[in-house]
Amino acid sequence: QVQLVESGGGLVQAGGSLRLSCAASGSIFSVNAMGWHRQAPGKERELVAAITSGGSPNYADSVKGRFTISRDNAKNTVYLQMNSLTPEDTAVYYCNANIRRYISSHAYDYWGQGTQVTVSS
């Protein structure tokens with residue numbers, strides 16, 4: 001079994017910062033790409049940022065220059081540093097990871113339970 005556990009969400013004023021963490025645990029052989037998505041009320045879930053196993057990031061245009069994704073492969077953990085937050089960043093943030101559980105298995109996508117980020121104006 002694989003679990004992704006997020007932490008670091010909360011309430012912050014506009015212009016503030018938050019750092020999200022997501023740790024993958026369980027029977028894991030390797031972790032490929034990891035990423036963060038978000039879903040605001042009444043909107044579809046959207047990709048915020050992703051990072052390859054080699055550390056190459058990509059970002060949604062709406063967060064470029066404000067958010068930074070990173071990972072610690074030894075800990076199977078991905079981070080999202082969010083700066084200059086605006087009320088438009090308010091959403092539930094979900095981490096996901098493409099994980100191979102065994103050397104002979106396929107890799108599958110796993111999701112965390114989500115963490116709420118609320119930015120007040």
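(A) Expanded view of the overall build of the protein chain. Tallying secondary structure elements over the protein chain gives 0 helices and 11 strands in all. Listing each helix as α and each strand as β along the protein chain from the N terminus yields β-β-β-β-β-β-β-β-β-β-β. Rg of the C-alpha trace for the protein chain: 14 Å, near the compact-globule value of 14 Å for 121 residues, within the 12% margin. C-alpha extents for the protein chain along the principal axes are approximately 50 × 25 × 25 Å. Across the protein chain, contacts joining residues at least 24 apart in sequence account for 57% of those joining residues at least 6 apart. Of the roughly 6400 Å² that the protein chain leaves accessible, carbon and sulfur atoms contribute 48%. Within the protein chain, the 8 negative side-chain charges are centred at a point lying 7 Å from the centre of the 10 positive side-chain charges.

(B) Looking closely at the sheet that holds strand S3 (residues 18-26). Pairing within the open sheet is antiparallel, and its 4 strands lie in the order S1-S3-S8-S7. The open sheet has two edge strands, strand S1 (2-7) and strand S7 (67-72), and neither has a second partner. Averaged over all adjacent pairs, the angle separating strand axes in this sheet is 15°, with direction ignored.

(C) Layout of the pairing of S1. Burial along S1 is one-sided: the face carrying Val2, Leu4 and Glu6 is buried and the face carrying Gln3, Val5 and Ser7 is not. As judged from the 6 bridges shared by S1 and S3, these two strands associate in the antiparallel manner. The residue of S3 that forms the bridge with Val2 is Gly26.

(D) Just unusual backbone geometry, in detail. One non-glycine residue with positive phi stands out, namely Asn76, at about 50°. Topologically, Asn76 is positioned in the loop between S7 and strand S8 (77-82). For Asn76, a relative accessible area of 22% puts it in the partly exposed group.

Reading the values: the criteria
- Residues numbered from 1 in each chain as written.
- Predicted model: local features only at pLDDT ≥ 70, side-chain atom pairs only at ≥ 80, totals over all residues.
- Heavy atoms only, no water.
- Helix = DSSP H or I, 4+ residues; strand = E, 2+ residues; numbered from the N terminus.
- Rg over C-alpha atoms; globule rule 2.2 N^0.38 Å.
- Contact = heavy atoms within 4.5 Å.
- Areas by Shrake-Rupley, 256 points an atom, 1.4 Å probe, with all protein chains shown as cover.
- Lys, Arg positive; Asp, Glu negative; His and termini not counted.
- Charge placed at Lys NZ, Arg CZ, Asp CG, Glu CD.
- Pairing = 2+ DSSP bridges.
- Axes fitted to C-alpha atoms, helices over the stretch in contact; angles between N-to-C directions.
- Buried < 20%, exposed > 50% of the residue type's maximum accessible area, 1.4 Å probe, protein only.

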